[in-house]
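Coordinate analysis (summary)
Spelled out, the chains give:
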Amino acid sequence: MRTHAQATAKHPHDDAPDTAAAFARLAALPAGPERHALRQDLVRAWLPMAERLAGRFRNRGEALDDLRQVAALGLVKAVDRYDPERGAAFESFAVPTVTGELKRHFRDHMWTLHVPRRVQDLRGRVRAARQELMQTAGARNPSVADIAAHTGMTEDEVKAGLEALDSFSALSLDAELPGAEDGYSLSDSLGAPDPALDVVVDREAVKPGLRRLPPRERQILYMRFFRDMTQSRIAEDLGISQMHVSRLISRCCTRLRDQALREQAPADRQQVERDAA
């Protein structure tokens, strides 16, 4: 005689179908259209359970429809891997399989920055500990020492987990900075390559060649490029024609450039050889 408790007891999943006979039949069928159709029927029968598991992960930065697709993929894997001869109910095998697929999706596809699995686990422990401590400490933000004492983790592990809390998503460079009223974004605060650095490199490259120039040619280059004098003014000061000044400047610049390139080439070859070694 059934007791009242037996009569009112419910399955852990209210919509769990009775598919034990179908799974036994699936295991016995060879590959073919009949087995494929039965497999599809089993997936459809257990799909509500998979969607319910997907709902547990909502509001974590991923659309619910996408989570349901991931859960459905996990359900298909569970149907394909389930062995009824082991005696366990299908849902006891399917629930961890689908849940694992959902967690894997968050781990592999939702992180903006690549974070090692160990650090992801630390993040989860730190996140849960912070929530528990804030509920018991009057909304006070717990310190690193508080979290370490609560979880049994070291303070270095807690710090790694806290850093990973900010690695799940990244701030857009076009996002307006807090407190900015003129649309000032993060990208506006970033530096840019300084063109003066190239000038420093060029100056250092031509210094040896400048020292080897005759004094008058060195003087002409100084007057033109350091004192910003015109060619006609240089010609007047030196008592030569402007055409002669123009030819000297052009010839000196060509010589300095060729010498700098020749001296740079062996250094480049040596660097290539060192890299290859």
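Further up the page is the structure itself.
Note that the coordinates shown come from a computational prediction; the quantities given were computed from them, not determined experimentally.

The number of helices and strands found in the protein chain is 12 helices and 0 strands. What you see in the protein chain, going N to C, is helices and strands ordered as α-α-α-α-α-α-α-α-α-α-α-α. By the burial criterion, 27% of the 277 residues in the protein chain qualify as buried. Across the protein chain, the fraction of contacts at a sequence separation of at least 24, relative to all contacts at a separation of at least 6, is 54%.

Let's shift gears to helix 4 (residues 64-81). Between its first and last C-alpha, helix 4 extends 26 Å over 18 residues, near the 26 Å set by a 1.5 Å rise per residue. Listing the buried residues of helix 4 in full gives Leu67, Val70, Ala71, Gly74, Leu75, Ala78 and Val79.

To continue, consider helix 8 (residues 155-165). Those residues of helix 8 that fall on the buried side of the exposure criterion are Val158, Ala160, Gly161 and Ala164. All buried residues of helix 8 project into a common sector of 160° when viewed along the axis, lining one side. Turned more than 90 degrees away from the buried face of helix 8 sit Asp156 and Glu163, all of them exposed. Those residues of helix 8 that are buried lie in contact with helix 6 (117-136) and helix 7 (144-151).

Below, the discussion takes up the environment of Leu73. Inspection of the secondary structure assignment puts Leu73 in helix 4. Spatially, the C-alpha atom of Leu73 lies 9.9 Å from that of Thr97, the residues being 24 residues apart in sequence.

A few words now on the packing of aromatic side chains. Applying the stated criterion across every chain, the model contains 6 aromatic pairs. Aromatic pair Trp46 and Phe90: ring centres 5.1 Å apart, planes at 55°, arrangement tilted. You can see Trp46 sitting in helix 3 (residues 33-55) and its partner Phe90 sitting in helix 5 (residues 90-109), a full 44 residues away along the chain. A relative accessible area of 2% means that Trp46 is categorised as buried.

Another aspect to go through is the packing of helix 2 (residues 20-28) against helix 3. One can describe the packing of helix 2 onto helix 3 by two numbers: an axis separation of 10 Å at closest approach and a directional angle of 150°. Put simply, helix 2 runs roughly antiparallel to helix 3. For the pair helix 2 and helix 3, the sense of crossing is left-handed. Every residue of helix 3 that contacts helix 2 at Ala22, Phe23, Arg25 and Leu26 is listed here: Glu34, Arg35, Leu38, Arg39, Leu42 and Trp46.

Turning next to the state of the cysteines. A covalent bond between the sulfur atoms of two cysteines is what we call a disulfide. Scanning the model with the defined rule gives 0 disulfides in all. Among the cysteines around Cys253, which has no disulfide bond, Cys252 carries the closest sulfur, lying 6.9 Å off. Under the relative-accessibility criterion, Cys253 is labelled partly exposed at 35%.

Most often, soluble globular proteins keep nonpolar side chains buried together rather than apart. If you look at the biggest cluster of nonpolar residues, it comprises 25 residues, and the most contacted ones within it are Phe23, Leu75, Val79, Phe90 and Leu102. Taken together, the elements giving at least two residues each to this core come down to helix 2, helix 3, helix 4 and helix 5. Element by element, the count of residues in this core is highest for helix 3, at 8 residues. Those residues within four positions of Leu102 in sequence are excluded, and the remaining contacts are Leu53, Ala54, Phe57, Leu67, Val70 and Ala71. If you look at the next biggest cluster of nonpolar residues, it comprises 13 residues, including Ile220, Met223, Ile234 and Leu248.

This part covers the environment of Arg56. Positionally, Arg56 belongs in the loop between helix 3 and helix 4. In this structure Arg56 comes out as exposed when scored by relative accessible area, which is 55%. The spacing of Arg56 and Leu67 is 11 residues in sequence and 9.6 Å in space, taken between C-alpha atoms.

Procedures and definitions
- Residues numbered from 1 in each chain as written.
- Predicted model: local features only at pLDDT ≥ 70, side-chain atom pairs only at ≥ 80, totals over all residues.
- Heavy atoms only, no water.
- Helix = DSSP H or I, 4+ residues; strand = E, 2+ residues; numbered from the N terminus.
- Buried < 20%, exposed > 50% of the residue type's maximum accessible area, 1.4 Å probe, protein only.
- Contact = heavy atoms within 4.5 Å.
- Expected span 1.5 Å × (residues − 1).
- Arc of directions from axis to C-beta.
- Phe/Tyr/Trp six-rings, centres within 6.5 Å; stacked < 30°, edge-to-face > 60°.
- Axes fitted to C-alpha atoms, helices over the stretch in contact; angles between N-to-C directions.
- Parallel < 35°, antiparallel > 145°, perpendicular 65-115°, else oblique.
- Left-handed = near helix turned anticlockwise from the far one by under 90°.
- Disulfide = S-S within 2.5 Å.
- Core = buried A, V, L, I, M, F, W, Y, C linked by side-chain atoms within 4.5 Å.

Functional significance is not addressed by these values, which are geometric in nature.
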